[in-house]
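Below are the chains, spelled out letter by letter.
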Amino acid sequence: MAASSSSNMLQFMKLIGQLKRVPRTGWVYRKVQNPESVSDHMYRMAMMSLTISDPTLDKHRCMKLALVHDMAECIVGDIAPADNVSKAEKHRREEEAMQRLSGLLPDGLKQEIFGLWEEYETQSSAEARLVKQLDLLEMILQAHEYEELEGAPGRLQEFFNSTAGRFQHPDVLQLVGALNEERGRHMTDSQTSGKPQTAASASEQQNPKPSPTS
């Protein structure tokens, strides 16, 4: 690798390293303490991709898509619906960021990474559509974990509401079912113990807001 290529690769690694310090905006807006980073989110999505047993899908491609789909956020940040940025403008900013990022890489790798990002954005493959479902699954799993940590079952119901009807893959549906069962038990236990629902939870369930995903 030439010196200039090594320098560019180092800059690329430093840029994507910023993802470890970009908090997921949806959690910030809901005042979650110590919210996860974008890279936290993408790592578990990649692990979810690894566990998919569907022989008709390329799981390695799914893992790559999971690792690339939010990469632009190291430059533009995590733009949430509540930020009032149009989908077209969000896409424009992220495409510009991806061109900058991939432009630091050798040609073959540049084309692969930018192509993976475009594939996810356009949902042009079965793998991209699965990874979108994993994106939503990871979000509600994280919401459930925050409810557990806060001891506030139901506080983040809006995130679950935003995913209604959006899961189709059998493996994902099984995980969603298991998650809903566990969460339902926790909510029932909370009601049985007489623990009051937080004011924030009641308000959010009556007036759901957009989730952090677009």
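Everything numeric in this text was worked out from a predicted model, so none of it was measured.

Peer 1: How should the overall build of the protein be read in this particular structure?
Peer 2: For the protein, the helix and strand inventory stands at 11 helices and 0 strands. Relative to its full complement of 214 residues, the protein shows a buried share of 43%. Long-range pairs, those at least 24 residues apart, make up 71% of the contacts in the protein with a sequence separation of at least 6.

Peer 1: So what exactly am I meant to see when it comes to unusual backbone geometry here?
Peer 2: With the exception of glycine, most residues fall at negative phi, and the peptide bonds are largely trans. Here K31, not a glycine, exhibits a phi torsion of approximately 60°, which is positive. One can find K31 in the loop between helix 2 (25–29) and helix 3 (38–51). The backbone of N84 sits at a positive phi, close to 60°, despite the residue not being glycine. Taking the relative accessible area as the measure of exposure, N84 reaches 73% and is therefore exposed.

Peer 1: Just checking my understanding: could you explain a nonpolar patch on the surface for this structure?
Peer 2: Residues Y43, M47 and L50 make up a contiguous nonpolar surface patch of roughly 290 Å² in combined accessible area. Position of M47 among the secondary structure elements: in helix 3.

Peer 1: Mind showing me how you'd approach the environment of V68 here?
Peer 2: Here V68 is to be found in helix 4 (residues 59–68). Along the chain, V68 and W117 lie 49 residues apart, while their C-alpha atoms are 6.0 Å from each other. Not counting residues up to four positions away in its chain, the partners in contact with V68 are M98, I113, L116 and W117.

Peer 1: Sorry if this is basic, but what is going on with the side chain of S37 here?
Peer 2: With respect to the helices and strands, the residue S37 is situated in the loop between helix 2 and helix 3. On the basis of relative accessible area, S37 is assigned to the buried category, the value being 6%. A polar contact of 3.0 Å, which involves the side chain of S37, links it to the side chain of S39.

Peer 1: I tried to follow the side chain of S49 on my own but got confused; where do I start?
Peer 2: As for its position among the elements, S49 is in helix 3. Beyond its immediate stretch of four places on either side in the chain, S49 contacts K59, C62, M63, A66, V131 and L134.

Peer 1: What is the right way to look at the confidence of the model for the protein in this model?
Peer 2: Atomic detail in the predicted coordinates should be set aside for any region of low pLDDT. Taken as a whole, the protein shows an average pLDDT of 90; of its residues, 88% reach a score of 70 or greater. In this model, residues 196–210 is a region of pLDDT below 50 whose contacts with residues beyond four sequence positions or in other chains number 20 contacts.

Peer 1: Explain helix 6 (residues 87–102) to me, please; I cannot follow it from the model alone.
Peer 2: Structural remark: α-helix, 3.6 residues per turn; residues separated by three or four positions point the same way. Taking 1.5 Å of rise per residue, 16 residues should cover 22 Å, and helix 6 covers 22 Å from first to last C-alpha, within 8% of that figure. Those residues of helix 6 lying buried are K90, E94, A97, M98, L101 and S102. Buried residues of helix 6, viewed axially, fall in a sector of 120°; they line one side. With respect to the buried face of helix 6, the exposed residues turned more than 90 degrees away are A88 and R100.

Peer 1: Would you mind going over the packing of aromatic side chains with me for this structure?
Peer 2: Describing an aromatic ring pair means giving the distance of the ring centres and the angle of the ring planes. The final tally for this structure, using the stated rule, is 3 aromatic pairs. Seen in terms of ring centroids, F114 and W117 are 5.7 Å apart; in terms of plane orientation they differ by 45°. Their pairing is tilted. Of this pair, F114 and W117 both sit in helix 7 (residues 107–122), 3 residues apart, which is roughly one turn of that helix. With respect to class, F114 is no different from W117; both count as buried. Among the aromatic side chains, those forming a connected cluster through ring pairs are W27, Y146 and F159. Looking at R183, its charged tip hangs above the ring of F160, at a distance of 3.7 Å from the centre.

Peer 1: Which parts of the structure should I look at to understand the nonpolar core?
Peer 2: When a protein is soluble and globular, its nonpolar side chains tend to lie buried together. Formed by 48 residues in total, the largest nonpolar core has its most connected members in F12, W27, M98 and L137. Residue assignment for this core shows that the elements contributing at least two residues are helix 1 (3–17), helix 3, helix 4, helix 6, helix 7, helix 8 (126–150), helix 9 (157–161) and helix 10 (170–192). It is helix 8 that provides the largest number of residues to this core, a total of 10 residues. Discounting chain neighbours no more than four positions away, the residues touching L137 are M48, F167, V172, L175, V176 and L179.

What counts and what doesn't
Residues numbered from 1 in each chain as written. Predicted model: local features only at pLDDT ≥ 70, side-chain atom pairs only at ≥ 80, totals over all residues. Heavy atoms only, no water. Helix = DSSP H or I, 4+ residues; strand = E, 2+ residues; numbered from the N terminus. Buried < 20%, exposed > 50% of the residue type's maximum accessible area, 1.4 Å probe, protein only. Contact = heavy atoms within 4.5 Å. Patch = residues over 30% accessible without salt bridge, like charges linked within 9 Å, V, L, I, M, F, W, Y side chains within 5 Å. Areas by Shrake-Rupley, 256 points an atom, 1.4 Å probe, with all protein chains shown as cover. Salt bridge = Lys/Arg side-chain N within 4 Å of Asp/Glu carboxyl O. Polar contact = N/O pair within 3.5 Å; in protein donor to acceptor, adjacent residues only side chain to side chain. pLDDT = per-residue confidence, 0-100. Expected span 1.5 Å × (residues − 1). Arc of directions from axis to C-beta. Phe/Tyr/Trp six-rings, centres within 6.5 Å; stacked < 30°, edge-to-face > 60°. Lys NZ or Arg CZ within 6 Å of the ring centre and 35° of its normal. Core = buried A, V, L, I, M, F, W, Y, C linked by side-chain atoms within 4.5 Å.

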